[in-house]
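Secondary and tertiary structure notes
The lines below spell out each chain.
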Amino acid sequence: MGLRFLEHLLILTHDPEATRDWFVENLGFRNGYHPEFGFPVYWLYIGEQDVIHIGKARYSNHQDTYLKTPTDGDKDFSAAGAMGSGRIDHLCLNCEGIEEFIDRLTKNGVEFSERKAHNSNLYQLFMREPINGIKVELNFAWHEAARIGRVPEWTDAGENDKSAAEVMTKEAPVKASTF
């Protein structure tokens, strides 16, 4: 079991275009492909790796629901209403050894949700770090989850009611950026 590398971070901001332009023009990131999430985002790349995701703060109820984790309840973790209040929404880590991670999280009483990622061969665990409210995303190769029969609560189509075999055998149309 182990962390492999930081995969990406999401910045929610009131001016996603200006944020994107600043990172591209001043730091040399490349604006590139991203899946369709039902709300606008930009993905910025270093080479072939997407490392910064940018979204509009408080864009829609759909976005707020999509970005929640199981322990959020009525707490508001979306970016504040004032201009310039952009914040990091989540930290994403590329991992291996999903079974050991699930065992550790369960043993420690950490509530998490599971998702088959949009248009990719990633299987994701989402949770909140309780001290600061930072969302943590752990990405695994989907075959790790399929091997142990995990069934994601969410897929590209939304809430999942299909079996692991139905969800996890479909090949992604787009190469996952990290596997």
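Residues numbered from 1 in each chain as written. Predicted model: local features only at pLDDT ≥ 70, side-chain atom pairs only at ≥ 80, totals over all residues. Heavy atoms only, no water.

**Observations regarding the nonpolar core**
Counting 15 residues, the largest nonpolar core has Ile 98, Leu 125, Met 127, Leu 138 and Phe 140 as the members making the most contacts within it. When residues of this core are traced back to their parent elements, those giving at least two are β5 (87–96), α3 (98–107), β7 (122–128), β8 (135–141) and α4 (142–147). Looking at which element gives the most residues to this core, the answer is α3, with four residues. Those residues in contact with Leu 138 that lie beyond four places of it in its chain are Leu 93, Cys 95, Phe 101, Tyr 123, Gln 124, Leu 125 and Met 127. Of all hydrophobic cores here, the second largest spans ten residues; its members include Leu 12, Phe 37, Val 41 and Trp 43. (Core = buried A, V, L, I, M, F, W, Y, C linked by side-chain atoms within 4.5 Å. Buried < 20%, exposed > 50% of the residue type's maximum accessible area, 1.4 Å probe, protein only. Helix = DSSP H or I, 4+ residues; strand = E, 2+ residues; numbered from the N terminus. Contact = heavy atoms within 4.5 Å.)

**Observations regarding the pattern of salt bridges**
Within this structure, the stated rule accounts for three salt bridges. Of the charged contacts in the structure, one is a salt bridge between Arg 20 and Asp 21, with a shortest N-O distance of 2.9 Å. Here Glu 114 and Arg 150 are joined by a salt bridge, their closest N and O atoms 2.4 Å apart. Of the two residues, Glu 114 is situated in strand β6 (residues 113–116) and Arg 150 in the loop between α4 and β9 (154–155); the sequence distance between them amounts to 36 residues. Glu 114 sits in the buried class, given a relative accessible area of 6%. Note on Arg 150: relative accessible area 25%, which makes it partly exposed. (Salt bridge = Lys/Arg side-chain N within 4 Å of Asp/Glu carboxyl O.)

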